[in-house]
Amino acid sequence: MTVKISVSTNIKVNAKNAEKLYETNVLRHLNRVANNFRNNILLGMQRTPKDMDNPIQKSDTVIHFPSKRGNPPAIDTGNLASSIRINPARTIGKNYQASVSTDVEYAESLDNPKLKNRPFMRKGSRPYEATVDYARRIMNQISIRKQFRPIKVSRSKKGVVLR
């Protein structure tokens with residue numbers, strides 16, 4: 001009587017597929033988080049309380065009502081809001097990165113707590129904190145465990161089979 005046990009593996013192919021799947025999931029996750037951050041920034045600007053007691057005369061016909069200190073900047077011309085861009089996720093060496101940025105020169109002075117104190121992008125701002133919470137909630141979606149089945153051992157007339 002002879003019992004044969006055989007194992008065949010595609011571990012190299014499976015490892016490569018797992019790595020590709022993981023990278024795809026990470027890039028998708030980062031893009032979702034970046035989109036969420038941009039949307040939170042814009043929503044904060046749209047919903048910010050305005051300081052109606054201190055209007056700013058921009059010209060003879062234009063009056064701007066700024067946001068109250070400690071709140072995101074109020075939308076006036078839309079330059080700042082329309083300048084907020086997402087730089088899509090990409091691989092840089094062994095790291096993955098996506099970013100949200102603006103190139104408007106007055107953005108830093110608005111966001112700076114020592115200057116105008118209108119937080120909209122900095123660490124600690126409401127959009128930033130809401131986005132961190134969102135990223136944590138969807139973090140498990142990067143996992144690839146559920147997409148690969150475990151090895152099953154069974155008996156057959158020919159012996160033990162690993163699948």
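How each quantity is defined
- Residues numbered from 1 in each chain as written.
- Predicted model: local features only at pLDDT ≥ 70, side-chain atom pairs only at ≥ 80, totals over all residues.
- Heavy atoms only, no water.
- Helix = DSSP H or I, 4+ residues; strand = E, 2+ residues; numbered from the N terminus.
- Polar contact = N/O pair within 3.5 Å; in protein donor to acceptor, adjacent residues only side chain to side chain.
- Phe/Tyr/Trp six-rings, centres within 6.5 Å; stacked < 30°, edge-to-face > 60°.
- Buried < 20%, exposed > 50% of the residue type's maximum accessible area, 1.4 Å probe, protein only.
- Contact = heavy atoms within 4.5 Å.
- Expected span 1.5 Å × (residues − 1).
- Arc of directions from axis to C-beta.
- Salt bridge = Lys/Arg side-chain N within 4 Å of Asp/Glu carboxyl O.
- Pairing = 2+ DSSP bridges.
- Patch = residues over 30% accessible without salt bridge, like charges linked within 9 Å, V, L, I, M, F, W, Y side chains within 5 Å.
- Areas by Shrake-Rupley, 256 points an atom, 1.4 Å probe, with all protein chains shown as cover.

Chemist: In this structure, what is going on with the side chain of Arg118? I would like to understand it.
Modeler: In this structure, Arg118 sits in the loop between α3 (107–111) and α4 (126–138). There is a polar contact of 3.0 Å between the side chain of Arg118 and the backbone oxygen of Ser67.

Chemist: Help me out: how do you make sense of the packing of aromatic side chains in this one?
Modeler: Ring pairs (aromatic) are described by centroid distance and by the angle formed between their planes. Within this structure, the stated rule accounts for one aromatic pair. Pairing Phe37 with Tyr128 gives two aromatic rings, centres 6.3 Å apart and planes at 80°, and the pair type is edge-to-face. Of this pair, Phe37 sits in helix α1 (residues 11–47) while Tyr128 sits in helix α4, and the two are 91 residues apart along the sequence. For Tyr128, a relative accessible area of 27% puts it in the partly exposed group.

Chemist: Explanation requested: the environment of Ile86 in the structure shown.
Modeler: Position of Ile86 among the secondary structure elements: in strand β4 (residues 85–92). Classification of Ile86 as partly exposed rests on a relative accessible area of 25%. For the pair Ile86 and Ala34, spaced 52 residues apart in sequence, the C-alpha to C-alpha distance is 6.5 Å.

Chemist: Even after reading the chapter, I still don't get the environment of Gln97, so can you show me in this structure?
Modeler: Mapped onto the secondary structure, Gln97 falls in strand β5 (residues 95–101). Through-space distance from the C-alpha of Gln97 to that of Asn31 is 9.1 Å; in sequence the pair is 66 residues apart. Apart from the residues within four sequence positions on either side, Gln97 is in contact with Leu30, Pro88, Ala89, Arg90 and Ile92.

Chemist: What is the right way to read α4 from this model?
Modeler: Residues spaced three or four apart along an α-helix face the same direction, because each turn holds 3.6 residues. Over its 13 residues, α4 runs 19 Å from end to end, which matches the ideal 18 Å to within 8%, given 1.5 Å per residue. Here α4 has its buried residues at Pro127, Thr131, Tyr134, Ala135 and Ile138. One side of α4 holds all its buried residues, which, seen down the axis, span an arc of 100°. In α4, those exposed residues whose orientation departs by more than 90 degrees from the buried face are Arg126, Arg136 and Arg137. Buried-residue contacts for α4 involve α1.

Chemist: Any chance you could explain the pattern of salt bridges here in plain terms?
Modeler: If the charged atoms of two oppositely charged side chains come close together, the side chains can form a pair. Counting across every chain of the model gives one salt bridge. A salt bridge links Lys58 to Asp76; the shortest N-O distance between them is 3.4 Å. In this pair, Lys58 is assigned in the loop between β2 (56–57) and β3 (63–64) and Asp76 in the loop between β3 and α2 (79–83), connecting sequence segments 18 residues apart.

Chemist: Can you walk me through the side chain of His64 in this structure?
Modeler: The topology assignment puts His64 in strand β3. What makes His64 buried here is its relative accessible area of 11%. Of note is the side chain of His64, whose polar atom sits 3.3 Å from the side chain of Asp76.

Chemist: Before we go on, may I ask you to explain the pairing of β5 in this structure?
Modeler: The two faces of the sheet receive side chains in turn, since in a regular strand these alternate between them. Examined bridge by bridge, β4 and β5 share six bridges and lie antiparallel to one another. In the sheet register, Thr91 faces β5, and the bridge partner there is Tyr96. Between the antiparallel neighbours β4 and β5 lie two residues, among them Gly93 with a positive phi of about 65°.

Chemist: I keep staring at unusual backbone geometry and nothing clicks. Help me out?
Modeler: With the exception of glycine, the majority of residues adopt a negative phi angle, and the majority of peptide bonds are in the trans configuration. With phi around 50°, Asn117 is a residue other than glycine that occupies positive phi space. Mapped onto the elements of the fold, Asn117 is located in the loop between α3 and α4. Judged by relative accessible area, which is 17%, Asn117 ranks as buried.

Chemist: Looking at this model, I keep getting lost on a nonpolar patch on the surface. Mind explaining?
Modeler: Together, Val3, Ile5 and Val7 make up a nonpolar patch on the protein surface, roughly 320 Å² of accessible area in all. Relative to the helices and strands, Val3 resides in the segment before β1 (4–6).

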